[in-house]
Amino acid sequence: MRKLASPYIAGPTLEDAVRVVRRLNAEGKRATIDVLGEEVTTAEEAREIAGAYHRVLARIEGERLDANISVKLTGLGLGLGYALCRENLQSLVEDARVRSNFVRIDMEDSSTTDDTLGLHRDLRAAGYDNLGVVLQARLRRSLADAQGLENVRLCKGIYLESPEVAYEDADEVRQSFRETLRALLDQGTYVGIATHDEQLIEYAIEQVRARGLAPGDYELQMLLGVRSARGDELVRDGHRLRVYVPFGTHWYEYSVRRLQENPRIAGYVAADTMRRLARR
């Protein structure tokens, strides 16, 4: 598992993440850094995760990296208490603002959606415009949730959910992605279009071109190590591309969760692995 996971995770340390982001920046790509470790059981562990993100922000500034951070609210203590999570999140958003940087709140399973959107809206209303959130096209509610959001990463979503709250058919998920993307673009939202699905990549490019959007008005996003060659093509074509760079000692849990909850990623991993072996 470690050998298979290595192209998709920067490594266990912040130094590993910095090394990978430097390489991505040299390739004309931006990054968002994720500290692995959302399973916290105490307030101290949640504050340790927040502290790790503060160190990431400091290194991004010190190394002049083109990168921001992505955080999971469960890692900041959401499961332990709303107030604890808000305290940790606000401290990170304030730190990022001082450093002219940005924080993206990842979306997790549907049990956290209301609190995630609530915290995001509370802090935006408090004047923190360097904060964005994620919508998952898999969730039936996402099109309605898109209304009024200013900065969104739109992805399909990887969490296994009940059919009452989530689409299960791949074509339904794609259609939800398309509808939500159109709604976001129509209301002037800055969208991070996060997908490896070629149908959706091509559709997104059609939509931004039809609206006459400049490269700075949106961005495309991919996971580290997934469809890297396609990412290179997108950069050469003049699109902004941001790569999701996870690091930390919880790499195994991250890898298993990705593969279990989204078998399509396993297909990308297998194809990329065979290409690397063929080049040896």
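Engineer: Describe helix α2 (residues 14–26), listing the residues and the values that go with them.
Structural biologist: For α2, which comprises 13 residues, the first-to-last C-alpha distance of 18 Å matches the rise-based estimate of 18 Å (1.5 Å per residue) to within 8%. By the burial criterion, the buried members of α2 are Leu-14, Asp-16, Ala-17, Val-18, Val-20, Val-21 and Leu-24. Residues of α2 that are buried in the fold lie against β1 (30–35), α3 (43–63), β2 (67–71) and β8 (241–247). Of the residues flanking the end of α2, it is Gly-28, one or two places downstream, whose phi is positive at about 85 degrees.

Engineer: Could you give an account of helix α8 (residues 198–210), naming the residues involved and the relevant values?
Structural biologist: Spanning 13 residues, α8 covers 18 Å between terminal C-alpha atoms, matching the ideal 18 Å at 1.5 Å per step. Those residues of α8 not exposed but buried are Leu-200, Ile-201, Tyr-203, Ala-204, Ile-205, Gln-207 and Val-208. Close packing links the buried residues of α8 with α7 (170–186), β6 (190–194), β7 (218–223) and α9 (228–236). Between the side-chain oxygen of the N-cap and the backbone nitrogen of Gln-199 there are 2.9 Å, and the N-cap of α8 in question is Asp-197. Positive phi shows up at Gly-212, right after α8, with a value of about 65 degrees.

Engineer: Describe the pattern of salt bridges, listing the residues and the values that go with them.
Structural biologist: The full count for this structure, using the stated rule, is 27 salt bridges. Note that Arg-59 and Glu-15 form a salt bridge whose closest N and O atoms lie 2.5 Å from each other. Taken as a pair, Arg-59 in helix α3 and Glu-15 in helix α2 lie far apart in primary sequence, 44 residues in all. Judged by its relative accessible area of 47%, Glu-15 falls in the partly exposed class. Salt-bridge contacts for Asp-232 lead to Lys-29; the nearest nitrogen and oxygen are separated by 2.6 Å. Placement of the pair is Asp-232 in helix α9 and Lys-29 in the loop between α2 and β1, with a sequence separation of 203 residues.

Engineer: I'd like a rundown of the sheet that holds β8, residues and numbers included.
Structural biologist: Reading around the barrel, the eight strands line up as β1-β2-β3-β4-β5-β6-β7-β8 and close back on themselves, with parallel pairing between neighbours. Ignoring strand direction, the axes of neighbouring strands in this sheet form an average angle of 30 degrees. Against the sheet, α9 touches β7 and β8, its axis set at about 165 degrees to β7.

Engineer: Please provide a residue-by-residue account of the nonpolar core, values included.
Structural biologist: In this structure, Leu-76, Leu-89, Leu-181, Ile-193 and Val-245 are the most contacted members of the largest nonpolar core, which totals 72 residues. With eight residues, the single largest contributor to this core is α3. If we skip the residues at most four places from it in the chain, Leu-181 touches Leu-154, Val-191, Ile-193, Tyr-203 and Ala-204.

Engineer: How would you sum up the packing of α3 against helix α4 (residues 82–98)? Please name residues and give values.
Structural biologist: Interaxial distance between α3 and α4 falls to 10 Å at its minimum, and their mutual angle equals 10 degrees. Regarding the angle of α3 to α4, the classification is roughly parallel. Facing α3, whose interface residues are Ala-43, Ala-46, Arg-47, Ala-50, Tyr-53, His-54 and Leu-57, α4 presents Leu-84, Glu-87, Asn-88, Ser-91, Leu-92, Asp-95 and Ala-96. Taken together, the residues that form the contact of α3 with α4 break down as eight nonpolar, three polar and three charged.

Engineer: Explain the pairing of β1 to me, and be specific about the residues and the numbers.
Structural biologist: Burial runs high along β1: five of the six residues are buried. Note: β1 against β8, six bridges, orientation parallel. Each residue of the ladder has a partner; that of Asp-34, found in β8, is Pro-246. Inspection of the sheet shows β1 paired to β2 by four bridges, in the parallel sense. Looking at β2, one finds that Ile-33 is bridged to Ile-69.

Engineer: Go over unusual backbone geometry with me, naming the residues and quoting the values.
Structural biologist: A positive phi angle is found at Arg-64, which is not glycine, with a value near 55 degrees. Structurally, the position occupied by Arg-64 is in the loop between α3 and β2. The phi dihedral of Ser-100 falls on the positive side, at around 55 degrees, and the residue is not glycine. Along the chain, Ser-100 turns up in the loop between α4 and β3 (103–105).

Cut-offs applied
- Residues numbered from 1 in each chain as written.
- Predicted model: local features only at pLDDT ≥ 70, side-chain atom pairs only at ≥ 80, totals over all residues.
- Heavy atoms only, no water.
- Helix = DSSP H or I, 4+ residues; strand = E, 2+ residues; numbered from the N terminus.
- Expected span 1.5 Å × (residues − 1).
- Buried < 20%, exposed > 50% of the residue type's maximum accessible area, 1.4 Å probe, protein only.
- Contact = heavy atoms within 4.5 Å.
- Polar contact = N/O pair within 3.5 Å; in protein donor to acceptor, adjacent residues only side chain to side chain.
- Salt bridge = Lys/Arg side-chain N within 4 Å of Asp/Glu carboxyl O.
- Pairing = 2+ DSSP bridges.
- Axes fitted to C-alpha atoms, helices over the stretch in contact; angles between N-to-C directions.
- Core = buried A, V, L, I, M, F, W, Y, C linked by side-chain atoms within 4.5 Å.
- Parallel < 35°, antiparallel > 145°, perpendicular 65-115°, else oblique.
- Nonpolar A, V, L, I, M, F, W, Y, C, P; charged D, E, K, R; others polar.

Take it as geometry only, folks, not as evidence of what the structure does.
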